[in-house]
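# Chain and residue survey
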Amino acid sequence: MASRLQRRLEAQPMQTIDMSPLLDVVFILLIFFIVSTVFVKETGVEVDKPQAISAQKLDQMSILIAITSSGEVVYDGANIGVAGVRGTVEQLLVKEDRPVVLQVDKMVPTELLVEVIDAAKLAGAVDVNIATAKM
């Protein structure tokens, strides 16, 4: 009986799983996740943020603008200056309303900070926040 079963199994063609449709699905999923990923634009400069006890995490879809200790206003690695804040924020708020987060160095004069906040608010930003380090 074992020999009949063995002969029968040997007579049947070997069945294998075709991997090409599986690879197609994997690549389609990979492309989907790459395309649908939200990329956060970093400011491109390192600032020494002040510390605060009440620091909170903000949403990932924020507009990040940095003000360095030398007085440069930077967005996405480019120095836009105070004059460029309004136009940049207006362009970014066309698609959807997002908060503006200012990454300000400790040594930045208050006057410059207020000018940048005013420019962001004149551009239509409802929420303008200052990034701090948690104590």
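Reading the values: rules and limits
Residues numbered from 1 in each chain as written. Predicted model: local features only at pLDDT ≥ 70, side-chain atom pairs only at ≥ 80, totals over all residues. Heavy atoms only, no water. Core = buried A, V, L, I, M, F, W, Y, C linked by side-chain atoms within 4.5 Å. Buried < 20%, exposed > 50% of the residue type's maximum accessible area, 1.4 Å probe, protein only. Helix = DSSP H or I, 4+ residues; strand = E, 2+ residues; numbered from the N terminus. Patch = residues over 30% accessible without salt bridge, like charges linked within 9 Å, V, L, I, M, F, W, Y side chains within 5 Å. Areas by Shrake-Rupley, 256 points an atom, 1.4 Å probe, with all protein chains shown as cover. Salt bridge = Lys/Arg side-chain N within 4 Å of Asp/Glu carboxyl O. pLDDT = per-residue confidence, 0-100. Expected span 1.5 Å × (residues − 1). Arc of directions from axis to C-beta. Contact = heavy atoms within 4.5 Å. Pairing = 2+ DSSP bridges. Axes fitted to C-alpha atoms, helices over the stretch in contact; angles between N-to-C directions. Phe/Tyr/Trp six-rings, centres within 6.5 Å; stacked < 30°, edge-to-face > 60°.

Our focus in this paragraph is the nonpolar core. Counting residues in hydrophobic clusters, the biggest one holds 21 residues, and the most contacted among them are Ile65, Ile67, Val85, Val89, Val100 and Leu102. Elements that contribute at least two residues to this core include exactly strand S2 (63-67), strand S3 (73-75), helix H3 (81-93), strand S5 (100-104) and helix H4 (110-122). Of the residues forming this core, the biggest block, 5 residues, is contributed by H4.

On the surface, Ile17, Met19, Leu22, Leu23, Val26, Phe27, Leu30, Ile31, Ile34 and Val35 cluster together into a nonpolar patch covering about 1,000 Å² of accessible area. The class of Ile31 is exposed, set by a relative accessible area of 52%.

The subject of this paragraph is the confidence of the model for the protein chain. Looking at the protein chain as a whole, the pLDDT averages 82, with 81% of positions reaching at least 70. In the model of the protein chain, strand S1 (residues 51-52) stands out as the element of lowest mean pLDDT, 63, in contrast to H4, which has the highest, 92.

Its 13 residues place the ends of H3 18 Å apart at the C-alpha level, agreeing with the 18 Å of an ideal helix rising 1.5 Å per residue. Restricting attention to buried positions, one finds in H3 the residues Gly84, Val85, Thr88, Val89, Leu92 and Leu93. Buried residues of H3 fall within an arc of 150 degrees about the axis and therefore sit on the same side. Facing away from the buried side of H3 by over 90 degrees, the exposed positions are Ala83 and Gln91. Where H3 is buried, its residues contact S2, S3, S5 and H4.

Spatially, S4-S3-S2-S5-S6 is the arrangement adopted by the 5 strands of the open sheet, whose pairing is mixed. Where the open sheet ends on each side, the last strands, each with one partner, are strand S4 (78-79) and strand S6 (128-130). Inspection of the sheet shows S2 paired to S5 by 5 bridges, in the parallel sense. Looking at S5, one finds that Ile67 is bridged to Val104. Those strands touched by H3 are S2, S3, S4 and S5, and its axis lies near 25 degrees from that of S3.

Another point: the packing of aromatic side chains. Scanning the entire structure with this criterion turns up 1 aromatic pair. Ring centres 5.3 Å apart and planes at 70 degrees place the aromatic pair Phe32 and Phe33 in the edge-to-face group.

If you check the backbone angles, Asp76 has positive phi at about 55 degrees while not being a glycine. Within the secondary structure, Asp76 sits in the loop between S3 and S4. Judged by relative accessible area, which is 41%, Asp76 ranks as partly exposed.

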